[in-house]
Amino acid sequence: MKDNEMREKAAAIAGQLTLEEKIGMIHGAHLFATKGVERLGIPPLVMSDGPMGVRQEFEPDHWKAVGCSDDYVTYLPCNSALAATWSRKLAFAMGSVLGEETRGRGKDVILAPGINIKRSPLCGRNFEYFSEDPYLTGELAVPFIQGVQQWDVAACVKHFAANNQETQRLWVDVEIDEKALREIYLPAFYDCLLRGGSLTAMGAYNRIYKEHCCQSRYLLEEILRKEWGYDGVVISDWGGVHDTELVAVSELDIEMSVTDNFDEYFMADPLKKAVEQGIVPEEKVDKKVIHILMLMQRLHMIGDSGQAVRKRGSYNTPEHRQAALDGARESIILLKNEGNRLPLSAEKMKKVLLVGENAERMHANGGGSAEIKALYETSPLMGIKRLLGGNVQVDFSKGYDSGKKEAEDDGNWQEKSLQDGGGRTETQRRGENLSKERAALREEAVKLAGAYDTVIFVGGLNHDYDSEGLDRSDMKLPYEQDALIRELLQARPDTIVVLIGGSPVEMGEWAESAQSIVWSYYAGMEGGYALAEVLFGQVNPSGKLPETFYKKHTDCSAHCIGEFAKEESVAYQEGIFVGYRYNETFGVEPRFCFGHGLSYTEFVYEDARYQEKDGKAYVTCRISNAGPYAGAETVQVYRMTESPEEMPQRPKAGESLKGMRPVKELVGFGKIYLGTGESGSLQIEVKERMEGCRLAVGSSVKDIKILI
Ligand code: BGC
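A quick note: this is a predicted structure, and the numbers were derived from the prediction, not measured. (Residues numbered from 1 in each chain as written. Predicted model: local features only at pLDDT ≥ 70, side-chain atom pairs only at ≥ 80, totals over all residues. Heavy atoms only, no water.)

**Considering the environment of Val-249**
The following threshold applies: For helices the rule is a DSSP run of H or I covering at least 4 residues; for strands it is a run of E covering at least 2, with both sets numbered from the N terminus onward.
Tracing the chain through its elements places Val-249 in helix α9 (residues 244-249). Each C-alpha atom, one on Val-249 and one on Lys-287, is 9.9 Å from the other, the two residues being 38 residues apart in sequence.

**Things to note about the pairing of strand β24 (residues 704-707)**
In regular strands, side chains alternate between the two faces of the sheet. Note the threshold: Here, any two strands with at least 2 DSSP bridges between them count as paired.
Bridge analysis of strand β23 (residues 694-698) against β24 gives three bridges, and the strand direction is antiparallel. By the bridge assignment for β24, Val-697 is matched with Ile-706. From the end of β23 to the start of β24, which pair antiparallel, there are five residues.

**Topic: the packing of aromatic side chains**
Under the convention used in this document: Side-chain rings of Phe, Tyr and Trp, where Trp is taken by its six-membered ring, are said to pair if the distance between their centres is within 6.5 Å; with planes under 30 degrees apart they count as stacked, over 60 as edge-to-face, and otherwise as tilted. Only protein chains enter the calculation, and the probe is 1.4 Å; a residue is then buried if its accessible area is under 20% of its type maximum, exposed if over 50%, and partly exposed in between. Two thresholds decide whether a charge sits over a ring: the Lys NZ or Arg CZ must be within 6 Å of the ring centre and within 35 degrees of the ring normal.
One pass over the structure, following the stated rule, counts 24 aromatic pairs. Look at Trp-86 and Phe-669: their rings are 5.2 Å apart centre to centre, the planes differ by 85°, and that puts the pair in the edge-to-face class. Taken as a pair, Trp-86 in the loop between α3 (79-85) and α4 (88-104) and Phe-669 in strand β21 (residues 664-674) lie far apart in primary sequence, 583 residues in all. On the basis of relative accessibility, which here comes to 1%, the residue Trp-86 falls in the buried class. Through a chain of ring-to-ring contacts, the aromatic side chains of Trp-86, Tyr-135, Tyr-580, Phe-594, Tyr-638 and Phe-669 assemble into a single cluster. Its end group placed over the ring of Trp-151, Lys-311 keeps NZ or CZ at 5.9 Å from the ring centre. Here the guanidinium or amino end of Lys-373 rests over the ring plane of Tyr-72, the centre of that ring lying 4.6 Å away.

**Things to note about the sheet that holds strand β13 (residues 454-460)**
We count it as follows: A fitted line through C-alpha atoms serves as each axis, taken over the contacting stretch for helices, and the angle formed by two N-to-C directions is quoted from 0 to 180°. Working rule for contacts: check all heavy atoms of both residues, and any pair within 4.5 Å makes them a contact.
Taken in spatial order, the six strands make up an open sheet running β9-β16-β15-β13-β10-β11, and their pairing is mixed. With partners counted over all chains shown, the strands left at the sheet margins are β9 (333-337) and β11 (393-397), one partner each. With direction set aside, neighbouring strand axes in the sheet form an average angle of 20°. Taken together, the five bridges between β13 and strand β15 (residues 496-500) define a ladder with parallel strand orientation. Bridging from a neighbouring strand, Phe-457 pairs with Val-497 of β15. Each of β10 (351-355), β11, β13 and β15 touches helix α13 (residues 380-388); the most contacted strand, β11, lies at about 170° to it.

**With respect to the state of the cysteines**
Formally: A pair of cysteine sulfur atoms is labelled a disulfide when the two atoms are within 2.5 Å.
Taken as a whole and assessed by the stated rule, the structure comprises zero disulfides. With no disulfide of its own, Cys-123 has Cys-556 as its nearest cysteine by sulfur position, at a separation of 11 Å. The exposure class assigned to Cys-123 is buried, which follows from its relative accessible area of 2%. For Cys-560, which is in no disulfide, the shortest distance to another cysteine sulfur is to Cys-556 and amounts to 6.9 Å. Here Cys-560 falls in the buried class, since its relative accessible area comes to 16%.

**Digging into the domain arrangement of the protein chain**
Quick reminder of the rule: Throughout the structure description, domain borders are defined by an automatic or database domain assignment. The buried area of a pairing is the accessible area, by a 1.4 Å probe, that goes missing from both parts when the two are put together, added over both. Salt bridge, as applied in this entry: a Lys or Arg side-chain nitrogen positioned within 4 Å of an Asp or Glu carboxyl oxygen.
Domain annotation of the protein chain identifies domain 1 (3-60 + 67-298), domain 2 (318-547) and domain 3 (580-707). Between domain 1 and domain 2, the contact holds 54 residues from the first and 58 residues from the second. With both sides pooled, the region where domain 1 packs onto domain 2 buries about 4400 Å², and carbon together with sulfur makes up 59% of that total. Across the contact surface, domain 1 and domain 2 share five salt bridges.

**Some details on the nonpolar core**
The criterion, for reference: Joining through side-chain atoms within 4.5 Å is the link that ties buried Ala, Val, Leu, Ile, Met, Phe, Trp, Tyr and Cys residues into a set, and such a set is a nonpolar core.
Counting residues in each nonpolar core, the largest one holds 206 residues, and the members touching the most others are Trp-238, Leu-293, Ile-456, Met-507, Trp-510 and Leu-535. The greatest single-element share of this core, amounting to eight residues, is contributed by helix α11 (residues 282-298). Other than its neighbours up to four places away in sequence, Ile-456 contacts Leu-344, Val-352, Leu-353, Leu-354, Val-355, Ile-384, Ile-496, Val-498 and Leu-535. Counting residues in hydrophobic clusters, the runner-up holds 18 residues, among them Ile-623, Leu-682, Ile-684 and Ile-706.

**Considering the side chain of Asp-466**
What counts is decided by this rule: Positive charges are assigned to Lys and Arg, negative charges to Asp and Glu, while His and the chain termini are left out of the count. Nitrogen and oxygen atoms within 3.5 Å of one another constitute a polar contact, given that in protein one can donate a hydrogen and the other can accept it, and given that sequence-neighbouring residues count only through two side-chain atoms.
Note on placement: Asp-466 falls in the loop between β13 and β14 (470-472). This buried residue, Asp-466, is left without a salt bridge; Arg-472 holds the nearest opposite charge, at 5.0 Å. Side chain to side chain, Asp-466 and Ser-503 meet in a polar contact 2.8 Å long.

**Brief notes about the site of the ligand**
What counts here: Nearness of a residue to a molecule or strand requires only that one of the residue's heavy atoms be within 4 Å of it. The Shrake-Rupley method, run with a 1.4 Å probe, gives the accessible areas here. Residue values count only the displayed protein chains as cover. Three classes are used, and their members are as follows: Ala, Val, Leu, Ile, Met, Phe, Trp, Tyr, Cys and Pro are nonpolar, Asp, Glu, Lys and Arg are charged, and the others, Gly among them, are polar.
What surrounds the ligand is a group of 15 residues, the closest being Asp-49, Arg-125, Asp-237, Gln-414 and Glu-468. Contact distances for the ligand include 2.4 Å between an oxygen atom and a side-chain N or O atom of Asp-49. Contacts to the ligand include Glu-468, whose side-chain N or O atom sits 2.5 Å from an oxygen atom. Considering the ligand on its own, with 310 Å² of exposed area, one finds that the protein chains cover 100% of that surface. Classifying every residue of the shell around the ligand gives five nonpolar, three polar and seven charged. Both domains that meet at the shell around the ligand, namely domain 1 (3-60 + 67-298) and domain 2 (318-547), each give it at least three residues.

**Structural notes on the packing of α4 against helix α12 (residues 318-331)**
Rule in force here: What makes a crossing left-handed is the near helix being turned counterclockwise from the far one by less than a right angle; a clockwise turn instead makes it right-handed.
Following both chains from N to C, one finds α4 and α12 inclined at 145°, their axes separated by 10 Å at the closest point. As for the relative orientation of α4 and α12, their crossing is left-handed in sense. Taken together, the residues of α12 that come into contact with α4 (itself represented by Leu-90, Met-94, Val-97, Glu-100 and Glu-101) are His-320, Ala-323, Asp-326, Gly-327 and Glu-330. Here the residues of the contact of α4 with α12 sort into four nonpolar, two polar and four charged.

**Let's talk about the sheet that holds β23**
Across the sheet, four strands lie side by side as β21-β20-β23-β24; this open sheet has antiparallel pairing. Of all the strands in the sheet, the pair left with one neighbour each is β21 and β24. Strand-to-strand, the axes of this sheet are offset by a mean angle of 25°, without reference to chain direction. Relative to β21, strand β20 (residues 631-640) is paired through ten bridges, and the arrangement is antiparallel. What sits directly across from Thr-634, in β21, is Lys-671.

**Considerations on helix α1 (residues 3-15)**
Threshold: Expected helix span is computed as 1.5 Å times (number of residues minus one).
Taking 1.5 Å per residue, 13 residues should reach 18 Å; α1 reaches 18 Å between its end C-alpha atoms and fits that length. In this structure, the buried residues of α1 make contact with α2 (19-25) and α11.

**What to know about the pattern of salt bridges**
Overall, the coordinates contain 66 salt bridges when judged by the stated rule. Here Glu-426 ties to Arg-424 by a salt bridge, and the two come within 2.8 Å at their closest N and O atoms. Take Arg-424: its relative accessible area is 45%, and that puts it in the partly exposed class. Here Glu-506 makes a salt bridge to Lys-476, at a shortest N to O gap of 3.7 Å. One end of the pair, Glu-506, is in the loop between β15 and β16 (516-520); the other, Lys-476, is in the loop between β14 and α16 (481-491), and 30 residues separate them in sequence. The class for Glu-506 is buried, based on a relative accessible area of 17%. Each of Asp-133, Lys-179, Glu-183, Arg-581, Arg-639, Arg-661 and Glu-665 takes part in one network of salt bridges that share partners.

Here it is in structure tokens:
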């Protein structure tokens, strides 16, 4: 059915509804559902979190998990992990799993993907997001959404817009210039909503230009509806609406929240009253209902065809677990590999020691609304044992303790999550009183290390730090891990360092002395096995950093020029100089740069050319695998702006960068899989070539192989 026919039909149905029925459809009547209208066959709209899988079932009116065994699901790699694959194909595949499971669980809308730009490494929700780069984010989120929506469920791209910190997330006002908003923070939303066709969008909690995003005239009306012509459904973040009259006339369609006083929501009884009193015209309500009825037609929820044609979906299938493994494999990033310390050889090995809590810690059930009740989660310890089998002795020594109290979780996190402005900055490290215990754990691990032929440290962060409602105050590794890694490396210089986390950490105390450093984002239910495959060379790592790994957070523009985690308002003075755009332009060396990721093999780049065909621009390049392993390479194309003779001075905090352009910007990428000795040609579509700009083709933002 065509859009205009759908709209007409929606309007005709809306015309048969009473005000009360319409009001029921535009606000939460349960924590994750609106009201339907039974007499006309309109079902409620049922939603669920979140990016890494379909969340567990909650009681309809309070945050208590139902607790049955029927809501375990496939736990997918988080969006940062997906971004590290740089694979559009995997993005579609992961989206498809999520969509099929959403439908399989009987939901209509999945509250994913999260696509906010990683402006600072300290934002607690970074693991839910893709990248610091708008192009990479859009290129991967679009196929993800298409994968989801082929299952007759709607994706809900979130959080619109500039939702880049958790501290005071309900009230913080983002002060940003229009250019930065349009070049950095909005493009991925445009791509997802218009090019990717995401059927719904979620407004953000924060304010922008003093308006709350969920009732913002500028964002929702001027940009989203008028400029972009978006006719999907806009849903509030849970508790993101603050005013009946403002939201009534705004372009928000559904108000959701975290409390059970559903009739008192701003778009419930108060709105009904405002319409009855003539304060708000009823057409404003109709408009919202029409959007919802159009969505329901698009999902085959209503209409003649209905159930007969709507896809049925399923969850926890073997294929989904395989897809989770495929995604995890390509997400792991080899950051450093001096002297080809990796891969390890299982044949020669007798005894392996794993040190570090993350070797055996599960991560699925944490992080806030992105938590997953995973069917299972393979830890690195289990993954390595699974891979090595019974002939190798694999031992574990904790080495550090996070001090997590299991009883902390009383199940009401979400309801409490909006208290006191909805988010804070963690200034205190967890378990600070555990220093004595940690010293003992460290001593034990270091002592043991000498007796093994291989020592693998597995540490990093966990969802006590990578979490909704919480920003970190710096990038330091928690739980005294730096001391542990240092001591391990002293005792065993060949110790392999594996870090798991959702955002970068400082490595200054030991990075120079470590031979091998491996990074894994939260990589889903098969993450531990994929890691084992990478360490033992059954999978050649091909992940690339979708964000800059700074030496310390003060090397990030949000901190050294702009502001971050301020409470009332936060100034984005760095403008468009986000992530590598800043570091490359002003010569600020990161620990590992954007796009970086090593392989066990070697790729040779040749013959890069620029072509225009049918109004589109391409770079073609020949890549050969000249090393001893089959593997995959992600070739990146950056647009270079003529850099001045001398590197510009590092700007001071608050200094305006107006009029300047970053020296490099990602405009294209492609991934190629090559056997040993194989070559292939890669054709990469390039976003746009600006007059007079050169193109740099390389394996990271720094490792440029060919200039065109
Ligand atoms: C989060 C959203 C989430 C919603 C529903 C909010 O706290 O910001 O991302 O989808 O809750 O759980």
